[in-house]
Amino acid sequence: MATGLSQQYTAACTQFNQPVNPFIEEMLLQLEQSEQYTTTLKLCGNNRLDLRFNNLTDKGAVHIANFLQEGGSLFHLNLMGNDIETDGAELIAKALHRNDTLRSLRMTGNKIGNKGAMFFAAMLQINSTLEELDLGDCDLGIQSLIALATVLLRNKSIKSINLNRPLFYVLQEDTIIHISLMLKMNNTLQELHLSKHEMTDFGLERLCEALHENTALKYLDLSCNKISRDGVKCLAELLKTNTTLEILDLTSNRMEDEGAIHLAKTIHTYNSSLKALAVVSNNITGQGLKVLAAAIQANTSLEYIYIWGNVLDDAACVAFSNLLSTGRLSNSSMDVQPYVVDGCVYLAELFHGLKKHYYWTPSYGVADDSVCNSGLALTNY
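In this report, the structure presented in the accompanying data block is examined.

Each value, and the rule that gives it
Residues numbered from 1 in each chain as written. Predicted model: local features only at pLDDT ≥ 70, side-chain atom pairs only at ≥ 80, totals over all residues. Heavy atoms only, no water. Axes fitted to C-alpha atoms, helices over the stretch in contact; angles between N-to-C directions. Helix = DSSP H or I, 4+ residues; strand = E, 2+ residues; numbered from the N terminus. Parallel < 35°, antiparallel > 145°, perpendicular 65-115°, else oblique. Left-handed = near helix turned anticlockwise from the far one by under 90°. Contact = heavy atoms within 4.5 Å. Nonpolar A, V, L, I, M, F, W, Y, C, P; charged D, E, K, R; others polar. Salt bridge = Lys/Arg side-chain N within 4 Å of Asp/Glu carboxyl O. Buried < 20%, exposed > 50% of the residue type's maximum accessible area, 1.4 Å probe, protein only. Expected span 1.5 Å × (residues − 1). Arc of directions from axis to C-beta.

## Here we look at the packing of helix H11 (residues 286-298) against helix H12 (residues 314-325)
Here comes step 1: Put simply, H11 and H12 touch, their axes get as near as 8 Å, and they point 15° apart. The angle between the axes of H11 and H12 places the two elements in the roughly parallel class. For H11 against H12, the interelement crossing comes out left-handed. Residues Gly286, Leu289, Lys290, Ala293, Ile296 and Gln297 of H11 touch H12, and the partners they reach there are Ala315, Ala316, Ala319, Phe320, Asn322 and Leu323.
Here comes step 2: Taken together, the residues of the contact of H11 with H12 sort by class into 8 nonpolar, 3 polar and 1 charged.

## Quick notes on the pattern of salt bridges
Here comes step 1: Inspection of the entire model under this criterion finds 12 salt bridges.
Here comes step 2: In this structure, Asp134 and Arg106 form a salt bridge, with 3.2 Å as the shortest nitrogen-oxygen distance. Placement of Asp134 in strand E4 (residues 132-134) and of Arg106 in strand E3 (residues 104-106) is noted, with a sequence separation of 28 residues between them.
Here comes step 3: Taking relative accessible area as the criterion, Asp134 reaches 0% and is therefore assigned buried.
Here comes step 4: Put simply, Arg165 and Asp137 hold a salt bridge, and the shortest N to O gap is 2.9 Å. Taken together, the residues span a long stretch of sequence, with Arg165 in the loop between strand E5 (160-162) and helix H7 (174-185) and Asp137 in the loop between E4 and helix H6 (142-151) at a distance of 28 residues.

## What to know about H7
Here comes step 1: Here H7 spans 17 Å end to end across 12 residues, near enough to the 16 Å set by a 1.5 Å rise per residue.
Here comes step 2: For H7, the complete set of buried residues consists of Thr175, Ile176, Ile179, Ser180, Met182 and Leu183. Seen from one end, H7 has its buried residues packed into an arc of 160°, which puts them on one side.
Here comes step 3: Along its buried surface, H7 packs onto H6, strand E6 (191-193) and helix H8 (201-211).

Purely geometric stuff here, so don't read any function into it on its own.
Below, the structure is given as structure tokens:
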């Protein structure tokens, strides 16, 4: 990238009588001064220098689209948490028809809507270099989700896609069926986020059927859905033969003790590929957590386990405390830490977990810290 970008920016602000935003100015200075930043541009609405009162809108997307069409050396573009809507999404998506350098695009939290996401689906039919696309919390609709799943039947470049929290109000799980059909055919996608899809056991069963044939997916996020013990039982059967999945996020479902025991049996005896498992807030009591801890003790491949938000009674506290005392896991491998009061063991919460695509993930600092983000550390492209 050419030098002097920060000076160009401040001059433009003066010309159009606009205040200089310190966040944008610092990002451009970093681009000029360090080779590390010549491939990455972060213009996030939730950055520490805060864009809340000067978020990028469709007008800002015009400049981003023009820059993308020029190509250059930009590999990663982070626009999460801004106010880009349908028109801006169209400009950015169409710019990527001609761009052959960008590898990662994060649009999380922009309200591009169903129509805006359709432009990205059309882009994926043409662009063959983009590897990571984040459309989480972008107000996606049924049509755009089906379109994206259909395009991924043939797209060979996308390795990670975030489709979290779409907006639709139907009982049928048509979108999950289309995504399942895609997973049967696609052998490129390695990371898939389907949080807040209102997915039930029926939808999970369709996904499991597809994943029996899939040999590529490593990271599956099913958090914040309506999955119960029956769906988890089907998932446990899949994990008996699946040797690809490494990260499984079941946070905020309702597997309860029976579901946890199904998973524990598979982990104890059959599965040796799973590296990280999140069962946070699943209404599991000490009965299920104790069996799960015993399975982890016997399984040497599982490296991360997250359990906070369940019923951490005496049995659960002792069981997971033993995982640490025996050296099977370390504090950086769990989201809980034991402490003793009057001879009784309790568990306190640690700020660890799978949070690659969450709003409050810092957009600065060490991105690949395995302690606070095991997903990034485990999934290497």
